[in-house]
Amino acid sequence: MSTTTIKPAPADLKAARLPRWTPYVVAAGSLAVASGVGLAADLSSRAQWGLIAALLFVGVSYALAARVEGTRQAKDRLATSVVWVMFLLAVVPLASLIYETVKRGVKVLDGYFLTHSMGVVADDETGGGIYHAIVGTLQQVGLACLIAVPIGLLTAIYLVEYGRGRLAKAVTFFVDVMTGIPSIVAGLFVLSFWILILDFDPSGWAGAMALSILMMPVVVRSTEEMLKLVPNELREASLALGVPKWRTILKVVLPTAIGGITTGVMLAVARIAGETAPVLLLVWTTPFINTNPFDGAQGSLPLYIYQQYSSGTNAGYDRAWAAALTLIAFIMILNLVARGIARWKAPKTGR
């Protein structure tokens, strides 16, 4: 009786792999070589140094992987390296912008600056504040949200849950067209209808109507995509239990997509919070505090930044940077609050 002996596979059949720390070493070496080339060639722009380092990183990573791991794995590392380089190209300008804004904005940003207006301060004088602009921005953006968010949510629900035929196609077409409307066009539309034809005075309400036009397509598109991601099995299970469709949408579909919907609304808020053209046309501006958005001109942070920077004085520059920092902080706080609400209202998973 013969026996068959199975020999283990030799250990040398295992494919060669680069160490995990290889990308970090290649990145450090690329930065060192790029710095040396920049100094030797007297390149004054740090962006040129970064471009040389990025090209070296991608090229060296591919060459090392091709030599050690093979061409197939080298292509994978090439794609990964390009993705990391593109990510850094997007992050570095953003980080630089935030750093510059914080560096220049903290000079005059304090409690006095946030609680006083420019009512009795000239643009070339120190002092003053942005309280009137904060009030105007909060009221205008809040009114725009009251107009745009319900309309946008209901439109998206119609397109996903009920929309069929020519009407749905027409709504989708007009939403796409509105997505590309310049802010000045929305401002001119409200100006011609509300102020020139109906003969109303400039006010925060007029500006909010123009901002809501810019906000609506963003809310519709983001909500529509989030509702499409909700599994149909959840809808079918609810309908199979005899729950009406409207209640299924309200109790199942919307809570499931609430996180993405909230993010889309915050993107729309960020889209309109920095608009200047509609405010300039429809709200005008005032250095005094006006807490009534339906009567008279109001201040706003974007227009305040523009006016202070265009004054051409050191005091104006400082106030403009501080107002820009306040606007960034305003958007960040709104996003954090929205994420908290979305997490609180989202369906709980697990036991």
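The model shown is predicted, which means the values in this text are computed figures rather than measured ones.

What counts, and at which threshold
- Residues numbered from 1 in each chain as written.
- Predicted model: local features only at pLDDT ≥ 70, side-chain atom pairs only at ≥ 80, totals over all residues.
- Heavy atoms only, no water.
- UniProt positions renumbered as here; feature names shortened; annotations may be inferred.
- Helix = DSSP H or I, 4+ residues; strand = E, 2+ residues; numbered from the N terminus.
- Expected span 1.5 Å × (residues − 1).
- Buried < 20%, exposed > 50% of the residue type's maximum accessible area, 1.4 Å probe, protein only.
- Arc of directions from axis to C-beta.
- Contact = heavy atoms within 4.5 Å.
- Phe/Tyr/Trp six-rings, centres within 6.5 Å; stacked < 30°, edge-to-face > 60°.
- Core = buried A, V, L, I, M, F, W, Y, C linked by side-chain atoms within 4.5 Å.
- Polar contact = N/O pair within 3.5 Å; in protein donor to acceptor, adjacent residues only side chain to side chain.
- Salt bridge = Lys/Arg side-chain N within 4 Å of Asp/Glu carboxyl O.
- Domains from an automatic or database assignment.
- Buried area = accessible area lost by both parts, 1.4 Å probe.
- Nonpolar A, V, L, I, M, F, W, Y, C, P; charged D, E, K, R; others polar.
- Axes fitted to C-alpha atoms, helices over the stretch in contact; angles between N-to-C directions.
- Left-handed = near helix turned anticlockwise from the far one by under 90°.
- Patch = residues over 30% accessible without salt bridge, like charges linked within 9 Å, V, L, I, M, F, W, Y side chains within 5 Å.
- Areas by Shrake-Rupley, 256 points an atom, 1.4 Å probe, with all protein chains shown as cover.

J.: Mind showing me how you'd approach the UniProt feature "domain: ABC transmembrane type-1" (unreviewed entry) in the chain here?
T.: Per the UniProt record, the feature "domain: ABC transmembrane type-1" (unreviewed entry) sits at residues 134–338. Between the C-alpha atoms that bound residues 134–338 there is a distance of 20 Å. The span itself is 79% helix and 0% strand.

J.: Got a minute to help me understand helix 10 (residues 245–256) in this structure?
T.: Residues that lie three or four places apart on an α-helix share one face, since the helix turns once every 3.6 residues. Its twelve residues place the ends of helix 10 15 Å apart at the C-alpha level, agreeing with the 16 Å of an ideal helix rising 1.5 Å per residue. Those residues of helix 10 that sit buried are Thr248, Ile249 and Val253. With its buried residues spanning 95 degrees around the axis, helix 10 presents them on a single face. Packed against the buried residues of helix 10 are helix 5 (131–162), helix 8 (204–228) and helix 9 (232–240).

J.: Would you mind going over the packing of aromatic side chains with me for this structure?
T.: For any pair of aromatic rings, geometry is given as the distance between the ring centres together with the angle between the planes. Counted according to the given criterion, the structure contains five aromatic pairs. Consider the rings of tryptophan 84 and phenylalanine 87, whose centres lie 5.8 Å apart with planes at 90 degrees: the pair is edge-to-face. Residue tryptophan 84 and its partner phenylalanine 87 are both found in helix 3 (residues 71–105); the two are separated by three residues, about one turn of the helix. A relative accessible area of 51% means that tryptophan 84 is categorised as exposed.

J.: What is the right way to read the nonpolar core from this model?
T.: One recurring pattern in soluble globular proteins: nonpolar side chains tend to sit buried together. In terms of nonpolar packing, the biggest core is built from 38 residues, with Val190, Met215, Leu227, Val265, Val269, Ile272 and Leu282 touching the most fellow members. The greatest single-element share of this core, amounting to ten residues, is contributed by helix 8. Those residues in contact with leucine 282, other than ones at most four positions away along the chain, are Gly187, Val190, Leu191, Ile195, Pro202, Ser203, Ala206, Gly207 and Ala210.

J.: What's the story with the environment of leucine 89 in this structure? I'm lost.
T.: Along the chain, leucine 89 falls in helix 3. Residue class for leucine 89 comes out exposed when judged on its relative accessible area of 53%. Along the sequence, leucine 89 and leucine 51 sit 38 residues apart, while their C-alpha atoms lie 9.4 Å from each other.

J.: What's the story with the side chain of glutamate 69 in this structure? I'm lost.
T.: Its location among the elements puts glutamate 69 in the loop between helix 2 (46–68) and helix 3. Accessibility expressed as a relative area gives 14% for glutamate 69, which makes it buried. A polar contact of 2.8 Å, which involves the side chain of glutamate 69, links it to the backbone nitrogen of leucine 18. Looking at glutamate 69, its side chain comes within polar contact range of the side chain of arginine 77, at 2.8 Å.

J.: Honestly, the UniProt feature "transmembrane region" (unreviewed entry) in the chain in this entry has me stumped. Any pointers?
T.: Mapped onto this structure's residue numbering, the UniProt feature "transmembrane region" (unreviewed entry) falls at residues 21–41, 47–66, 78–99, 141–160, 172–197, 203–220, 252–274 and 320–342. When the span residues 21–41 is considered, its composition is 90% helix and 0% strand, and the gap between its end C-alpha atoms is 30 Å. Taken end to end, residues 203–220 has its terminal C-alpha atoms 27 Å apart, with 94% of it in helix and 0% in strand.

J.: Which parts of the structure should I look at to understand the pattern of salt bridges?
T.: Counted by the stated rule, this structure contains seven salt bridges. Among the salt bridges present, the one from aspartate 176 reaches arginine 221, with a minimum N-O distance of 2.5 Å. Of this pair, aspartate 176 sits in helix 6 (residues 165–179) while arginine 221 sits in helix 8, and the two are 45 residues apart along the sequence. We classify arginine 221 as partly exposed; its relative accessible area is 24%. Taken together, the salt bridges that share partners define one network made up of Asp176, Arg221, Glu224 and Lys228.

J.: What is the right way to look at the domain arrangement of the chain in this model?
T.: Accessible area lost upon the coming together of the parts serves often as the stated size of an interface. What the domain assignment lists for the chain is domain 1 (21–106) and domain 2 (130–345). Using C-alpha coordinates to define each centre, domain 1 is positioned 37 Å away from domain 2. Between domain 1 and domain 2 lies a buried interface of about 540 Å² when both sides are counted; carbon and sulfur atoms form 80% of it. In terms of surface lost to domain 2, no three residues of domain 1 exceed Thr101, Arg104 and Gly105, which account for 74% of the buried area on that side. Linking domain 1 with domain 2 are zero salt bridges, by the criterion used here. Along the contact surface separating domain 1 from domain 2 lie zero residue pairs in polar contact (both at pLDDT 80 or more). Taken together, the residues of the side of domain 1 that touches domain 2 sort by class into two nonpolar, two polar and two charged.

J.: Can you help me understand the packing of helix 5 against helix 8 in this one?
T.: Helix packing for two helices is described by the angle between their axes and how far apart those axes are. Look at helix 5 against helix 8: their axes get within 6 Å of each other, and the N-to-C directions meet at 35 degrees. As for how helix 5 packs across helix 8, the hand of that crossing is right-handed. Residue classes in the contact of helix 5 with helix 8 are distributed as 21 nonpolar, six polar and two charged.

J.: Explanation requested: a nonpolar patch on the surface in the structure shown.
T.: On the surface, Tyr62, Leu78, Val82, Met86 and Leu89 cluster together into a nonpolar patch covering about 410 Å² of accessible area. Residue contributions to the nonpolar patch peak at four residues, all from helix 3. Of note, leucine 78 is situated in helix 3. The exposure class assigned to leucine 78 is partly exposed, which follows from its relative accessible area of 31%.

J.: How do you make sense of helix 3 when you look at a structure like this?
T.: Its 35 residues give helix 3 an end-to-end C-alpha distance of 50 Å, which sits within 8% of 51 Å, the value for a rise of 1.5 Å per residue. Ala74, Arg77, Ser81, Val85, Thr101 and Gly105 are the residues of helix 3 that are buried.

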